[in-house]
Amino acid sequence: MEKRWITTERVVAITASVFLSVAFIVSIIIGGEPKCIIPHTEIFIPCVHLVCVTLAIICIFVPRFYLQFMIMQIESVLTILTALPFLGIFLFYGSVFIFMCQQYTMKHIIRALSFFGVIHVIALVLTYPHGVPMTFVTIACSIFYASFFVWIYVILKTKFSCFTPSRISYHSTISNKLPGTELKLSDFKLNERQRTFIIENLHNQLSYKALSEKYNVSVSTVKKEFSHIFDVFGVSKQEELHLLLLQYQVIE
């Protein structure tokens with residue numbers, strides 16, 4: 001197996017597949033949840049788990065963030081309405097937190113959070129078959145989780161903002177690429193040597209002199225190639241190029 005194949009997205013998809021498979025089997029053994037507004041839970045719950053297992057397995061081979069997000073949202077609603085509301089609340093805010101970390105535009109964030117937020121609130125209210133006190137506890141837990149994840153997000157954004165200056169984080173050259181996604185160097189009309197130098201910059205951070213010695217070219221040639229690379233990506237030096245490309249899965 002190639003090392004590149006092993007990514008955090010795939011690891012999460014694999015563990016999610018195992019977790020959801022166990023949940024599917026247990027839901028069949030238990031045979032439904034009597035205190036739930038959903039009818040025929042002995043059929044409905046296993047079917048939902050099975051759908052999510054299938055989506056998680058797809059994500060192992062074809063990692064897609066929107067599929068992982070949907071899995072977490074679906075399981076969030078299901079577990080809130082059944083016997084594990086606190087797990088459901090965690091899944092909801094966990095998925096929202098990851099969504100915000102993907103650095104979508106504010107328009108996309110507001111649209112998504114408005115839609116799924118309404119569904120989340122409805123799910124919380126529909127926990128009343130478990131008892132009104134439990135519903136209030138669930139709502140209070142949701143409010144706490146919201147503040148907790150916002151707190152973490154603000155801390156991380158403050159701590160790491162200095163490493164990704166806005167002037168290079170959203171350059172027009174790659175403005176249509178979301179951080180964390182694949183960035184193919186072949187899409188930018190770069191020659192083989194330029195692509196090689198970019199990979200060296202990303203993984204080894206070699207100096208101009210070290211690159212000239214390693215590839216048997218003059219230092220001026222290396223500088224000329226990087227000058228073109230800087231123009232393409234809208235940066236002015238190797239450090240900025242390195243910071244920019246660290247946000248993506250760079251492939252030749």
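Residues numbered from 1 in each chain as written. Predicted model: local features only at pLDDT ≥ 70, side-chain atom pairs only at ≥ 80, totals over all residues. Heavy atoms only, no water.

A word on the packing of aromatic side chains
Per the stated rule, a full pass over the model turns up 20 aromatic pairs. Seen in terms of ring centroids, F69 and F99 are 5.3 Å apart; in terms of plane orientation they differ by 40 degrees. Their pairing is tilted. Placement of the pair is F69 in helix 3 (residues 65-81) and F99 in helix 4 (residues 85-101), with a sequence separation of 30 residues. Of the two residues, F69 and F99, both sit in the buried class. Each ring, one from F69 and one from F116, has its centre 5.1 Å from the other, and the planes form 80 degrees; the classification is edge-to-face. (Phe/Tyr/Trp six-rings, centres within 6.5 Å; stacked < 30°, edge-to-face > 60°. Helix = DSSP H or I, 4+ residues; strand = E, 2+ residues; numbered from the N terminus. Buried < 20%, exposed > 50% of the residue type's maximum accessible area, 1.4 Å probe, protein only.)

Looking at the nonpolar core
Judged by nonpolar contacts, the single largest core of 22 residues is most densely connected at F226, F233, L241, L245 and V250. When contributions to this core are tallied by element, the ones reaching two or more residues are helix 8 (192-203), helix 10 (219-233) and helix 11 (238-245). Top element by residues in this core is helix 10. It accounts for six residues. With 20 residues, the next largest nonpolar core counts F69, F97, F116 and A123 among its residues. (Core = buried A, V, L, I, M, F, W, Y, C linked by side-chain atoms within 4.5 Å.)

Examining the side chain of E225
Take E225: it is sitting in helix 10. Dropping the residues within four chain positions of it, E225 is found in contact with N191, R193, Q194 and F197. (Contact = heavy atoms within 4.5 Å.)

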